[in-house]
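# Structural overview
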Amino acid sequence: MSTGRDVAALAGTSTAVVSYVFNNGPRNVSPETKERVLAAAAQLNYRPNALARALSFGRTATIGLIVPDIANPYFGELAGALEDAAIERGDLLLIGDSRLNTAREARHIAAFVERRVDSVVMVSLLDEPDFSAFQQASIPVVALHPLASDSQVSSVTIDYESAAEAATSHLTEHGFESIGLLNGPAQSVGADQHRRGFLRAIAASGREIRHEERNSDSSRAAASAVSIPWLESSDRPRAITCATDEQANGVLHAAYLLGLRVPQDLAVIGFDGTEHSEFTVPPLTTVRQPIRAIAARSIEILTGDTAVPVHEFADHELVVRDSCGCTTPL
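The shown structure was predicted, so the numbers you read here are calculated from the model rather than taken from an experiment.

## A closer look at the overall build of the protein chain
The helix and strand tally for the protein chain stands at 12 helices and 12 strands. Based on the C-alpha atoms only, the size of the protein chain along its principal axes is roughly 85 × 40 × 30 Å. Out of the 330 residues in the protein chain, the part that is buried amounts to 50%. Per element, the accessible surface of the protein chain, about 15,900 Å² overall, is 50% carbon and sulfur. Of the charged side chains in the protein chain, 27 are positive and 41 negative; the average position of the first set lies 7 Å away from that of the second.

So, in structure tokens, the structure goes:
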């Protein structure tokens, strides 16, 4: 493999001049000399060491992303949007998949600190994650889930409580007399906000609506396993709103196994608004998060100069399809 010294020898310059050419400084190089260096590099098939170049500027040119489950389409779409934003800056996105395991999440945090990533985007499994390792290493973080307003870590997210209220209100407007919430685990990120929004919509309906919350992790399998006995019970809900699209997929699977028609026997609403939600059977009504806007804004914050944490809400949208009963006679 050719080195900068080889390029310098062929171009008749010093290794410092080769460095100036590929690092755009800190000293100017005449057009003629720059042309000779680039020609020599092309002849020798020279590729500068990207890590060494980044470290010379005090960076590693890497952004870390920690997500609960990369198999979840929402996090797959998020990773793609963040990677596009990172590539525009010449950075590499490193992905840590917690696989719904808090110990694994902690290991990813330690690994990103050890590898000196420039910044981190994080979706934690915990409602109150520990960011101290990043703070001690002076690594900026943006969380893509709700944090306390006094948190020293920035966040960009939708208003989970208002979004959950909008989804539940849509079901109360159908006149359903029993509505369930399939939430995440009790201490999981956003669970309290989903619960508060759900209860707020029930109260705002002004009617006596039987309601119940059950919990599962965000996987389809777990949601289906929780939903089957729930839907088999004599007091099963007439409608269910879910904390994620993946859970809604699990509910649809459980309904299929039990011979329940959606939405005629059971109305279902998801949450996240992934591209996949349009292609369920029936198509899923869901709360859509603006994934690309959230990804772009998080990178802006991480690369900005502000030393003060920011907490921002992006807009959400209730996307109405067949699963809630709007387009199918109930």
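What follows continues from the structure just given.
## Quick notes on the packing of helix α1 (residues 4-11) against helix α3 (residues 31-43)
Where α1 contacts α3, the axes come no closer than 9 Å and their chain directions differ by 120°. With respect to α3, the axis of α1 lies oblique. The interaxial crossing formed by α1 with α3 has right-handed handedness. In this structure, α1 uses Val-7, Leu-10 and Ala-11 to contact α3, whose residues at the interface are Arg-36, Val-37, Ala-40, Ala-41 and Gln-43. The class makeup of the residues in the contact of α1 with α3 is 6 nonpolar, 1 polar and 1 charged.

## Concerning the side chain of Thr-285
Along the chain, Thr-285 turns up in strand β10 (residues 285-288). When near neighbours in sequence (up to four residues on either side) are disregarded, Thr-285 contacts Val-268, Ile-269, Gly-270, Leu-318, Val-319, Val-320, Arg-321, Asp-322, Ser-323 and Cys-324.

## Looking at the layout of surface pockets
When its volume is computed, the largest pocket comes out at roughly 420 Å³. Every residue lining the largest pocket is counted, 27 residues in all, and those nearest its centre are Pro-68, Phe-75, Val-189, Ser-218 and Thr-244. When contributions to the lining of the largest pocket are tallied by element, the ones reaching two or more residues are α5 (73-88), α9 (191-204) and β9 (267-272). Residues of the lining of the largest pocket, tallied by class, amount to 13 nonpolar, 12 polar and 2 charged.

## Quick look at unusual backbone geometry
Pro-263 follows Val-262 through a cis peptide bond whose omega is 10°. Summarising the element assignment, Pro-263 is placed in the loop between α11 (245-257) and β9. Looking along the chain, the bond that leaves Val-281 and enters Pro-282 is cis, with omega of -5°. Unusually for a residue other than glycine, Leu-100 sits at a positive phi of about 60°. Structurally, Leu-100 is set in the loop between β2 (92-97) and α6 (102-114). Exposure remark for Leu-100: the relative accessible area of 31% places this residue in the partly exposed category.

## A look at the packing of aromatic side chains
Under the counting rule described, the total for this entry stands at 2 aromatic pairs. Between Tyr-74 and Phe-75, the ring centres sit 5.1 Å apart and the planes meet at 75°, which makes this aromatic pair edge-to-face. Residue Phe-75 is classed as buried on the basis of its relative accessible area, which comes to 8%.

## With respect to the sheet that holds strand β4 (residues 141-143)
Read from one edge to the other, the open sheet built from 6 strands follows the order β2-β1-β3-β4-β5-β11, with strand pairing classed as parallel. The sheet terminates laterally at β2 and β11 (311-314), the two strands that pair on one side only. The sheet shows a mean angle of 20° between the axes of neighbouring strands, taken without regard to direction. Pairing geometry for strand β1 (residues 62-67) and strand β3 (residues 119-122), over 4 bridges, is parallel. Looking across to β3, one finds that Leu-65 is bridged to Val-121.

## A word on the environment of Val-287
Looking at the secondary structure, you find Val-287 in strand β10. A residue is classified by how much of its surface remains accessible, and Val-287, at 1% relative accessible area, is buried. It is 23 Å that separates the C-alpha atoms of Val-287 and Ser-154, two residues lying 133 residues apart in sequence. With residues up to four places along the chain from it excluded, the contact list for Val-287 reads Ile-158, Ala-163, Ala-167, Gly-270, Phe-271, Asp-272, Gly-273, His-316, Glu-317 and Leu-318.

## Details of the pattern of salt bridges
In the structure shown here, the tally under the stated rule is 14 salt bridges. A salt bridge links Arg-220 to Glu-246, with the nearest nitrogen and oxygen atoms 3.1 Å apart. Remark: Glu-246 occurs in helix α11 and Arg-220 occurs in helix α10 (residues 220-232); sequence separation between them is 26 residues. With its nearest N and O atoms 3.1 Å apart, the salt bridge here joins Arg-261 to Asp-265. Judged by its relative accessible area of 18%, Asp-265 falls in the buried class.

Rules used in this analysis
Residues numbered from 1 in each chain as written. Predicted model: local features only at pLDDT ≥ 70, side-chain atom pairs only at ≥ 80, totals over all residues. Heavy atoms only, no water. Helix = DSSP H or I, 4+ residues; strand = E, 2+ residues; numbered from the N terminus. Buried < 20%, exposed > 50% of the residue type's maximum accessible area, 1.4 Å probe, protein only. Areas by Shrake-Rupley, 256 points an atom, 1.4 Å probe, with all protein chains shown as cover. Lys, Arg positive; Asp, Glu negative; His and termini not counted. Charge placed at Lys NZ, Arg CZ, Asp CG, Glu CD. Axes fitted to C-alpha atoms, helices over the stretch in contact; angles between N-to-C directions. Parallel < 35°, antiparallel > 145°, perpendicular 65-115°, else oblique. Left-handed = near helix turned anticlockwise from the far one by under 90°. Contact = heavy atoms within 4.5 Å. Nonpolar A, V, L, I, M, F, W, Y, C, P; charged D, E, K, R; others polar. 1 Å grid on protein atoms, 1.4 Å probe; cavity = no way out; pocket = protein on both sides within 12 Å on 5 of 7 lines; lining within 4 Å. Points joined across faces, edges and corners; volume = space filled by probe spheres on them. Phe/Tyr/Trp six-rings, centres within 6.5 Å; stacked < 30°, edge-to-face > 60°. Pairing = 2+ DSSP bridges. Salt bridge = Lys/Arg side-chain N within 4 Å of Asp/Glu carboxyl O.

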